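Okay, here's what each chain looks like letter by letter:
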Amino acid sequence: MTSAPVVTHGLTKRFHGGQVAVDAVDLEVPAGSVFGFLGPNGSGKTTTIRMLLGLIAPTSGAVELLGEPMPKAHLRVLPRVGALVEGPAFYPFWTGQANLLRFDAADRTADPKTRKARAGEALERVGLSNAAGKKVRAYSLGMRQRLAIAVALMQRRELLVLDEPTNGLDPQGTREVRHLIKELASDGTTVFTSTHLLAEVEQVCTHAAVMSRGKLLRQSTVEDLRAGLRPRLVVRTPDAGTAAETLQGLGVTDLKTSGDTVEGDPGELPVEKFAAALVAADVRIHGFGLERPSLEDAFVALTGEGFDVAE
Ligand SMILES: Nc1ncnc2c1ncn2[C@@H]1O[C@H](COP(=O)(O)OP(=O)(O)OP(=O)(O)O)[C@@H](O)[C@H]1O
């Protein structure tokens, strides 16, 4: 059995001034997963990632990366981990390839004899082979971010830790980076990526952990995150008032009406009976169906707040 590449026990960070940024977090990231570390701005994601990588010390708790204790084993562990925490600063007037070679030259664990070949491979993996000889100044934002990921890929990595890798990118750049993450994961690398975007988790991740105000609320497969919520019955009709009354009479709970839409929790009731009952009550039906809850619904159910509410 392979042990989980990232494990934390009661990981806590209290900054000077008493603020608890990360509060007793127990993470377990399965091998081979694309793990979305999800939470609004300020929920403690970056602070957690910095502790995982040994960039700051926890106030209490423990971190294991690739089965080894951090930061104690950092010399053995970190060469097996590619990280993108704060984007590396590139020289704009140097080519992408020259920038990669420079970062590798600063890495004492890197073999200078294989440097050029490794840079070529990393550029290939992020889809920048054709732009290797272009100055970084001429790169789009997406290309720069892919180059930053190439820095992390200069050596073979078992684990990639990415802090908001699509932050600040335009839609095209975002698509490029999401595609790249999926591709990296498809050859077995575990990817741990933080994000404040639910869509990113839906599109890219197999697993997710939800952070809110420093606490880890839930971690599971993305599928199970949604599965906790029942589908909602949604009816679109110009006769919303009568529809709501009829559905209530049939036992639908948690009914909400907004404009021409009535929705509610059908529980275990047979849905096929509802349409007939609505028609019998002279309700004109423009739309009728069961809607699968979104990840956003799951998030709101977990935290009791909208996703964009930061603090
Ligand atoms: N060096 C620091 N000193 C004091 N407080 C800090 C420090 N770094 C972070 N914090 C606070 O800790 C909390 C968590 O911040 P953190 O950056 O980990 O959140 P985040 O989820 O990564 O959000 P963002 O996406 O905005 O970076 C915030 O309230 C932040 O203001």
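Residues numbered from 1 in each chain as written. Predicted model: local features only at pLDDT ≥ 70, side-chain atom pairs only at ≥ 80, totals over all residues.

**Quick look at the nonpolar core**
Turning to step 1, where the next piece is worked out: Counting residues in each nonpolar core, the largest one holds 63 residues, and the members touching the most others are L52, L65, V126, A150, V161 and V191.
Turning to step 2, where the next piece is worked out: Aside from chain neighbours lying at most four places away, what touches A150 is L100, A122, L123, V126 and L128. (Core = buried A, V, L, I, M, F, W, Y, C linked by C-beta atoms within 7 Å. Buried ≥ 20, exposed ≤ 12 C-beta atoms within 10 Å, placed from the backbone. Contact = placed C-beta atoms within 7 Å.)

**Some points on the domain arrangement of the protein**
Turning to step 1, where the next piece is worked out: Domain annotation of the protein identifies domain 1 (6-226) and domain 2 (232-292).
Turning to step 2, where the next piece is worked out: Inter-centroid distance (C-alpha atoms) of domain 1 to domain 2 is 45 Å. (Domains from an automatic or database assignment.)

**Observations regarding the environment of K116**
Turning to step 1, where the next piece is worked out: Within the element layout of this structure, K116 appears in helix α4 (residues 115-125).
Turning to step 2, where the next piece is worked out: Expressed as a C-alpha distance, the spacing of K116 and L101, which sit 15 residues apart in the sequence, is 7.1 Å. (Helix = DSSP H or I, 4+ residues; strand = E, 2+ residues; numbered from the N terminus.)

**Let's talk about the pairing of strand β1 (residues 6-14)**
Turning to step 1, where the next piece is worked out: Inspection of the sheet shows β1 paired to strand β5 (residues 60-65) by 5 bridges, in the antiparallel sense. Bridging from a neighbouring strand, T8 pairs with V63 of β5.
Turning to step 2, where the next piece is worked out: Note that β1 and strand β3 (residues 28-29) share 2 bridges and pair antiparallel. In the strand pairing of β3, V6 is matched with V29.
Turning to step 3, where the next piece is worked out: Note that β1 and strand β2 (residues 20-25) share 3 bridges and pair antiparallel. Following the sheet pairing, K13 is matched in β2 by V22.
Turning to step 4, where the next piece is worked out: The hairpin formed by β1 and β2 contains 5 residues between the paired strands, and G17 there has a positive phi angle of roughly 95°. (Pairing = 2+ DSSP bridges.)

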